[in-house]
Amino acid sequence: MPRSVNAVASRARRKKVLKLAKGNFGSRSNVWTVAKNTVEKGLTYAYRDRRNKKRTFRSLWIQRINAGARLHGMTYSQFMGKVHAAGIELNRKVLADLAMNHPQAFAKVVESVK
């Protein structure tokens, strides 16, 4: 009895990986073993950086709030402490947007916590 291999599934699996490797330089996009390593590493980075993106954005929001608060003579930590004490339910994302795009509204928030 001849040996039976599932060539259809094997080829489909390879095509899927090679499609993900499209756009890489040289053999990274068309040699199976190299492309497989490239794609695995790329997917690992993608998983990691989906989590890191959240940290990066929080850091950016904090910088923007700090810059806006310092225009009104407060530091970031003083401002956030007073915001929480005053019971204002605005998160850092919204406060950063106000500080950057709506300075008058941010000034009102600062005045309400002073």
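What you are looking at is a predicted structure, and each value in this text was computed from that prediction instead of being measured.

Participant: Looking at this structure, I do not really get the packing of helix α3 (residues 76-86) against helix α5 (residues 103-113). What am I missing?
Facilitator: Geometrically, a packed helix pair is captured by the angle between its two axes and the distance between the axes. Relative to each other, α3 and α5 sit at 70°, their axes nearing to 9 Å. With respect to α5, the axis of α3 lies roughly perpendicular. On α5, the residues that touch F79, K82, V83 and A86 of α3 are F106, V109, V110 and V113. For the contact of α3 with α5, the per-class residue count stands at seven nonpolar, no polar and one charged.

Participant: Would you mind showing me how to read the nonpolar core here?
Facilitator: One broad trend across soluble globular proteins is that nonpolar side chains are buried collectively. If you look at the biggest cluster of nonpolar residues, it comprises 15 residues, and the most contacted ones within it are I65, F79, M80, L95 and F106. Ignoring any residue separated from it by four or fewer positions in sequence, one finds I65 in contact with Y76, F79, M80, R92, L95, A96 and F106.

Calculation rules
Residues numbered from 1 in each chain as written. Predicted model: local features only at pLDDT ≥ 70, side-chain atom pairs only at ≥ 80, totals over all residues. Heavy atoms only, no water. Axes fitted to C-alpha atoms, helices over the stretch in contact; angles between N-to-C directions. Helix = DSSP H or I, 4+ residues; strand = E, 2+ residues; numbered from the N terminus. Parallel < 35°, antiparallel > 145°, perpendicular 65-115°, else oblique. Contact = heavy atoms within 4.5 Å. Nonpolar A, V, L, I, M, F, W, Y, C, P; charged D, E, K, R; others polar. Core = buried A, V, L, I, M, F, W, Y, C linked by side-chain atoms within 4.5 Å. Buried < 20%, exposed > 50% of the residue type's maximum accessible area, 1.4 Å probe, protein only.

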